[in-house]
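A closer look at the structure
Below, each chain spelled out in residue letters.
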Amino acid sequence: VQLQASGGGLVQDGGSLRLSCAASGRTVSRYAMGWFRQAPGKEREFVAGISWSGSSTYYGDSVQGRFTISRDNAKNTVYLQMNSLKPEDTAVYFCAGGKSMNTMVTETDVNSWGQGTQLTVSS
């Protein structure tokens, strides 16, 4: 499966942005999906995950209440709506395809990675 992330860019502190991740090569509708991010000089961290049906979602502590993950299985696409952005959200964001139907909370749950998309939040 190929995962293509898009939607990154430059946004001001407090702004909003939506990332998209389009899958091709294999349907991902039966697998959990998620987003991770990596800031300069830091390890990659979990941002958000969603079960195959969308009925279960998971969030990292630092984005809880500000970010929303969703999916459209008909379009084989996962989204990350990011609100109330902060400079510390600046990172490269990676889309991830899961190994299982329901769980996406750590890198061990990831079967495939997309290329990253850069988000920069200016203060």
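To start, this report covers the structure provided alongside it. The structure presented is a predicted model; accordingly, all values stated were derived computationally and were not measured. (Residues numbered from 1 in each chain as written. Predicted model: local features only at pLDDT ≥ 70, side-chain atom pairs only at ≥ 80, totals over all residues. Heavy atoms only, no water.)

Counting secondary structure elements, the protein chain contains zero helices and 10 strands. The order of α-helices and β-strands along the protein chain, N terminus first, is β-β-β-β-β-β-β-β-β-β. For a compact globule of 123 residues, the expected C-alpha radius of gyration is about 14 Å, and the protein chain comes in at 13 Å, within 12% of that figure. The principal-axis extent of the C-alpha atoms belonging to the protein chain is close to 40 × 25 × 25 Å. Long-range contacts, defined as pairs at least 24 residues apart, comprise 57% of the intrachain contacts of the protein chain with a sequence gap of at least 6. Accessible surface, the protein chain: about 6000 Å² in total, of which carbon and sulfur atoms supply 46%. (Helix = DSSP H or I, 4+ residues; strand = E, 2+ residues; numbered from the N terminus. Rg over C-alpha atoms; globule rule 2.2 N^0.38 Å. Contact = heavy atoms within 4.5 Å. Areas by Shrake-Rupley, 256 points an atom, 1.4 Å probe, with all protein chains shown as cover.)

On to the state of the cysteines. Per the counting criterion, the structure on display carries one disulfide. Note on cysteine connectivity: Cys 21 is disulfide-linked to Cys 95, with sulfurs 1.9 Å apart. What sets the handedness of the Cys 21 and Cys 95 disulfide is the S-S torsion sign, and at about -80° it is left-handed. Taken as a pair, Cys 21 in strand β3 (residues 17–24) and Cys 95 in strand β9 (residues 91–98) lie far apart in primary sequence, 74 residues in all. On the accessibility criterion, Cys 95 (0% relative accessible area) is buried. (Disulfide = S-S within 2.5 Å. Buried < 20%, exposed > 50% of the residue type's maximum accessible area, 1.4 Å probe, protein only.)

Take the pattern of salt bridges next. According to the stated counting rule, one finds four salt bridges in the structure shown. Note that Glu 45 and Arg 37 form a salt bridge whose closest N and O atoms lie 2.6 Å from each other. Judged by its relative accessible area of 5%, Arg 37 falls in the buried class. Three or more residues joined by partner-sharing salt bridges are found here, namely Arg 37, Glu 45, Arg 66 and Asp 89. (Salt bridge = Lys/Arg side-chain N within 4 Å of Asp/Glu carboxyl O.)

Spatial ordering of the open sheet is given by β1-β3-β8-β7, a layout of four strands whose pairing is antiparallel. Among the strands making up the open sheet, the edge pair consists of β1 (2–6) and β7 (67–72). The mean angle between the axes of side-by-side strands here comes to 15°, regardless of whether they run parallel or antiparallel. Looking at chain direction, β7 and strand β8 (residues 77–82) are connected through six bridges and run antiparallel. Within β8, the residue paired with Asp 72 across the bridge is Thr 77. (Pairing = 2+ DSSP bridges. Axes fitted to C-alpha atoms, helices over the stretch in contact; angles between N-to-C directions.)

On to the nonpolar core, then. Of all hydrophobic cores here, the largest spans 27 residues; its most connected members are Trp 35, Leu 80, Met 82 and Tyr 93. Those elements that provide at least two residues to this core are β1, β3, β4 (33–38), β5 (45–50), β7, β8, β9 and β10 (110–122). The element that contributes the greatest number of residues to this core is β3, accounting for four residues. With near-sequence residues (within four places) excluded, Met 82 lies in contact with Gly 15, Ser 16, Leu 17, Leu 19, Arg 66, Phe 67, Tyr 93 and Leu 119. (Core = buried A, V, L, I, M, F, W, Y, C linked by side-chain atoms within 4.5 Å.)

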